[in-house]
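# Working through the structure, step by step
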Amino acid sequence: MKLTFFGGVGTVTGSKYLLETGSKRVLVDCGLFQGKKELRLQNWAALPIDPKTIDTVLITHAHIDHTGYIPLLVKNGFKGRIYATEATIELCKILLPDSGYLQEEDARRANKYGYTKHAPALPLYTKEEAIRSLDYFVPVSFEKPVQIFKDFQASWHRAGHILGASFIHCRSEETRILFSGDIGRLQDPIMKPPVPIEATDYLVIESTYGDRLHEVSNPMEKIARVINRTVKRGGTILIPAFAVGRAQALLYYISKIKEANLIPDLPIYLDSPMAIDATKIMHSHPRDHHLSKEECRLTCQVAKYVNTAEESKWLDSQAFPKVIISASGMATGGRVLHHLKVFAPDQRNTILLSGYQAAETRGASILEGKPEVKIHGEWVPIRAEVANISELSAHADYEEILTWMKGFQHSPRKVFITHGEPNASLSLKKHIEDRFGWPCSIPKYLTVESL
C-alpha cells in the first residue's frame, strides 16, 4: 500500500487520505478545508490527482470537514461508490445539500453587496450538485467487513463522536491500516464510547485535543449559570453550535437543566433546519446513543424549532430573554451570523461558545476577545459577554485517546498523527512515545508513505 495525505494535516479540517493498493485508489474521507483563508482557498485548487482516477471513497463520519468535498469530487468526474454507515448517510443527506445552499447564498450576498474580488463570485458547488452526489453512497453496517476490491476489504467500527461515526479498518493481503476519523469521548452522556481495536499495522489518528485535557466540571451547572446571569440583565443567550452533535448535546443538557428547575422558564429556540433534522434522526438510530426513548423525546422537544427565514428574523426583533441555538459552531456561516449582528453589540446578551474554534474563524476571534468581527462585509462590535464551555466537546482529549490506545494487544508499526493544529499534534506525539514507545510521525500536506 501507499498512503498520501491530501488534507487533515497541520489543521483540523479538510481530511482526505489517499490509499493506493495495487492498481486501485481509495480516498478515506473527503472533507472541506475551513478556517484560515489560505486553507479555504485550497478547496478551489485542483486535487493533486484526477477525481476520475479514484475508484472508491470511504467515509468515517458526516461532519463537513470529512465529507464536504464530496459534491465537488463528483462534479469533477468521480464515478465510484462512497461507503458509509447508515446514520452517516442520513446525516449527509442533510449536511451536503445545506453546504451547497450556504455556498450559493454566500456567493449571492457577496455579489449583491460587492464584498468580493471576483466578478461574479461563484459557489464551490450548488445545492443541486450536492443532492446529485448522494446517489453514489452505499450503506455499510458496523463490524461487518466489506469486500471493496478482490484483495482489499474495509470494516467500520463505532467511534462515538456523533451518530454513525466510525473507525475504518482497511486490509489488503499483507497490510492493515486503521483510520480513526474523530474519536469520541469515553464517558459521553449521549453517544456510546469508541470500541477498542486489538491490532493494526498502521494507525492514522486525530489530535484535535492532543495538547489538553477537558474540564471535569458539570456542564449543566455552567450552562445554568450563564443563562441565569444573562436573564438577570434582560439579555439573550446566543449559542453558535455545530448542527450535528453539538446542538443535540446542548438540547440534552438544557432539558435536564429545565427538569431540575435550575433556570427560569424562558423559551429555547433551535434555529437551524439542519440541526432540527439531525435531532430527529436520533429517534431512528437508538443503537448509536445511550438515551432512552423518554430522554430522546424530552431532548427533541425542549426547544421550539425555527424553520423559516421569516421566523429566524422575528427572533432578532424580540427583546425578551431567550436562548437561541444556531449553526454554525465556529460562526463561519449560516443563520447565526445574522443573530450575531443583532445581539453581539449589546452588553446585556451573551455569546456562549460550545466547541472547538479553528484558527482564524469568527468563533476563534470572538473567543480571543477581539473587539469586533467582520460579518457580511461589515465590522460588528462584540460588546456582549463571551462565555465558553469546553466540556461539551465530542472529541477525546489526549488522556482519553491514550486510554483507548491501551486496547491494542500488539503495537502498530507506525502511528501517523493528523487532524490537529501543530502544537496539538506535537503534544500527542510526545504522549504516545512516552507512554507506549510507538514510532510516530506528523505528516505534512502531500507526504507519501509506503506501507
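See the structure shown above.
Below or above, wherever it landed, is the structure these notes cover. These numbers come from a predicted model, not from an experiment.

With that out of the way, let us pick up the sheet that holds strand β14 (residues 304-305). Spatially, β14-β13-β15-β12-β16-β19 is the arrangement adopted by the six strands of the open sheet, whose pairing is parallel. Looking along the sheet, the strands with just one partner apiece sit at the ends: β14 and β19 (385-388). Sheet analysis places strand β13 (residues 268-271) next to β14, joined by two bridges and oriented parallel. The partner of leucine 270 across the bridge, within β14, is tyrosine 305. The strands touched by helix α7 (residues 246-259) within the sheet are β12 (237-240), β13 and β15 (323-326), with β15 carrying the most contacts at an inclination of about 160°. Relative to β13, helix α8 (residues 273-284) is tilted by about 105°, and along the sheet it contacts β13 and β14.

Turning our attention to the nonpolar core. Within soluble globular proteins, side chains that are nonpolar generally end up buried alongside one another. Core analysis: the largest hydrophobic core is formed by 97 residues, its most contacted members being Ile205, Ile325, Trp404 and Met405. Sorting elements by how many residues they give to this core places α7 first, with eight residues. Leaving out residues up to four positions away in the same chain, tryptophan 404 has contacts with Phe167, Leu178, Ile183, Pro194, Val195, Pro196, Ile197, Leu203 and Ile205. Membership of the second largest hydrophobic core comes to 25 residues, among which are Val140, Phe152, Phe416 and Leu451.

Let us now look at a nonpolar patch on the surface. A contiguous nonpolar patch, built from Leu41, Trp44 and Leu122 and spanning about 360 Å² of accessible area, is present on the exposed surface. Tracing the chain through its elements places leucine 122 in the loop between α4 (86-113) and α5 (127-133). Judged by its relative accessible area of 57%, leucine 122 is exposed.

This part is about the side chain of serine 15. Within the fold, serine 15 resides in the loop between β1 (2-5) and β2 (17-21). The class for serine 15 is buried, based on a relative accessible area of 0%.

The contact between α7 and helix α9 (residues 293-301) brings their axes to 8 Å, and the two run at 100°. It follows that α7 is roughly perpendicular to α9 by the angle criterion. Listed contacts from α9 to Gln248, Leu251, Tyr252, Ser255, Lys256 and Glu259 of α7 are Glu295, Leu298 and Thr299. Partitioning the contact of α7 with α9 into residue classes produces three nonpolar, three polar and three charged.

Moving on: the environment of isoleucine 205. Mapped onto the secondary structure, isoleucine 205 falls in strand β11 (residues 202-206). For the pair isoleucine 205 and lysine 150, spaced 55 residues apart in sequence, the C-alpha separation works out to 27 Å.

With that settled, consider the sheet that holds strand β20 (residues 414-418). Taken in spatial order, the seven strands make up an open sheet running β7-β8-β9-β10-β11-β20-β21, and their pairing is mixed. The open sheet terminates on both sides in strands that have one partner only, identified here as β7 (146-149) and β21 (440-441). Sheet analysis places β11 next to β20, joined by five bridges and oriented parallel. What sits directly across from tyrosine 202, in β20, is lysine 414. Running at roughly 155° to β11, helix α13 (residues 398-405) makes contact with β9 (166-171), β10 (176-179) and β11 of the sheet. Of the strands in this sheet, β11, β20 and β21 touch helix α14 (residues 422-436), which is tilted by about 155° from β20.

The next point concerns unusual backbone geometry. Backbone geometry follows two general trends: most residues other than glycine have a negative phi, and most peptide bonds adopt the trans configuration. Along the chain, alanine 327 connects to serine 328 via a cis peptide bond; the corresponding omega equals 15°. When you line up the elements, serine 328 lands in the loop between β15 and α11 (336-343). One non-glycine residue, aspartate 29, adopts positive backbone phi at about 70°. Relative to the helices and strands, aspartate 29 is located in the loop between β3 (24-28) and α1 (37-42). Overall, aspartate 29 belongs to the buried group, its relative accessible area being 1%. The phi angle at alanine 331 is positive, at roughly 55°, despite the residue not being glycine.

Conventions adopted
Residues numbered from 1 in each chain as written. Predicted model: local features only at pLDDT ≥ 70, side-chain atom pairs only at ≥ 80, totals over all residues. Heavy atoms only, no water. Pairing = 2+ DSSP bridges. Helix = DSSP H or I, 4+ residues; strand = E, 2+ residues; numbered from the N terminus. Contact = heavy atoms within 4.5 Å. Axes fitted to C-alpha atoms, helices over the stretch in contact; angles between N-to-C directions. Core = buried A, V, L, I, M, F, W, Y, C linked by side-chain atoms within 4.5 Å. Buried < 20%, exposed > 50% of the residue type's maximum accessible area, 1.4 Å probe, protein only. Patch = residues over 30% accessible without salt bridge, like charges linked within 9 Å, V, L, I, M, F, W, Y side chains within 5 Å. Areas by Shrake-Rupley, 256 points an atom, 1.4 Å probe, with all protein chains shown as cover. Salt bridge = Lys/Arg side-chain N within 4 Å of Asp/Glu carboxyl O. Parallel < 35°, antiparallel > 145°, perpendicular 65-115°, else oblique. Nonpolar A, V, L, I, M, F, W, Y, C, P; charged D, E, K, R; others polar.

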